[in-house]
Amino acid sequence: MNSIGLALIDSLDELIQSGHINPQLAMRVLAQFDTSIAEALSTRVRNRANFRAHLDNYRSLDDVWTFVLSNPTFRFEHDHVTADKVKIVACKARIPGEV
């Protein structure tokens, strides 16, 4: 979850606690947020990144892959970022409405 999503959850929780909205509406808002973010990322983001790292560990469970990388370097168009350790969790993308 990103910081925007966490802020949305906090705000929705506050609205539920104060009685301004019901939990069902909050769930619909979160579902729409997820759909909108996924659509925006697939249609509007065109940047690419390359990375190089040492693969410490990987696993797959129920089509969810987890990779643990040490000393990664992420290279972007005009910048690069390094870290000591990174965990990447990836899953198969689902088209909205697809089972």
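Residues numbered from 1 in each chain as written. Predicted model: local features only at pLDDT ≥ 70, side-chain atom pairs only at ≥ 80, totals over all residues. Heavy atoms only, no water.

**Topic: the packing of helix H1 (residues 3–17) against helix H2 (residues 23–44)**
Alright, step 1. At a minimum axis separation of 10 Å, H1 and H2 run at an interaxial angle of 165 degrees. One finds that H1 runs roughly antiparallel with respect to H2. Like other packed secondary-structure pairs, H1 and H2 cross with a definite hand, here right-handed. In contact with Ile4, Gly5, Leu8, Ile9, Leu12 and Ile16 of H1, H2 contributes Pro23, Ala26, Val29, Leu30 and Phe33.
Alright, step 2. Class assignment of the residues belonging to the contact of H1 with H2 gives a composition of 10 nonpolar, one polar and no charged. (Axes fitted to C-alpha atoms, helices over the stretch in contact; angles between N-to-C directions. Helix = DSSP H or I, 4+ residues; strand = E, 2+ residues; numbered from the N terminus. Parallel < 35°, antiparallel > 145°, perpendicular 65-115°, else oblique. Left-handed = near helix turned anticlockwise from the far one by under 90°. Contact = heavy atoms within 4.5 Å. Nonpolar A, V, L, I, M, F, W, Y, C, P; charged D, E, K, R; others polar.)

**Quick word on the side chain of Thr73**
Alright, step 1. Positionally, Thr73 belongs in strand E2 (residues 64–75).
Alright, step 2. If near-sequence neighbours (up to four positions away) are discounted, Thr73 is found in contact with Asn50, Phe51, Arg52, His80, Val81 and Thr82.

**Digging into H1**
Alright, step 1. Taking 1.5 Å of rise per residue, 15 residues should cover 21 Å, and H1 covers 21 Å from first to last C-alpha, within 8% of that figure.
Alright, step 2. Count one or two residues on from H1 and you reach Gly19, which has phi positive near 85 degrees. (Expected span 1.5 Å × (residues − 1).)

**Overview of the packing of aromatic side chains**
Alright, step 1. Going through the model one piece at a time under the given rule, you end up with three aromatic pairs.
Alright, step 2. Ring geometry for Tyr58 against Trp65: centres 6.4 Å apart, planes inclined by 20 degrees, an arrangement best described as stacked.
Alright, step 3. Note on Trp65: relative accessible area 37%, which makes it partly exposed.
Alright, step 4. For the pair Trp65 and Phe67, a centre-to-centre distance of 5.8 Å together with 10 degrees between the ring planes defines the contact as stacked. (Phe/Tyr/Trp six-rings, centres within 6.5 Å; stacked < 30°, edge-to-face > 60°. Buried < 20%, exposed > 50% of the residue type's maximum accessible area, 1.4 Å probe, protein only.)

**With respect to the UniProt feature "domain: Transcription initiation factor IIA gamma subunit C-terminal" (unreviewed entry) in the protein chain**
Alright, step 1. Sequence positions flagged by UniProt for "domain: Transcription initiation factor IIA gamma subunit C-terminal" (unreviewed entry) are, in local numbering, residues 52–93.
Alright, step 2. Helix makes up 0% of residues 52–93 and strand 76%, with an end-to-end C-alpha separation of 24 Å. (UniProt positions renumbered as here; feature names shortened; annotations may be inferred.)

**Describing unusual backbone geometry**
Alright, step 1. In this structure, Asp62 is a non-glycine residue whose phi angle is positive, near 55 degrees.
Alright, step 2. Relative to the elements of secondary structure, Asp62 occurs in the loop between strand E1 (50–61) and E2.
Alright, step 3. Classification of Asp62 as exposed rests on a relative accessible area of 69%.
Alright, step 4. The phi dihedral of Asp63 falls on the positive side, at around 65 degrees, and the residue is not glycine.
Alright, step 5. Secondary-structure assignment places Asp63 in the loop between E1 and E2.

**Concerning the environment of Ile4**
Alright, step 1. By the element assignment, Ile4 lies in helix H1.
Alright, step 2. Between the C-alpha atoms of Ile4 and Phe33, which are 29 residues apart in sequence, the distance is 10.0 Å.

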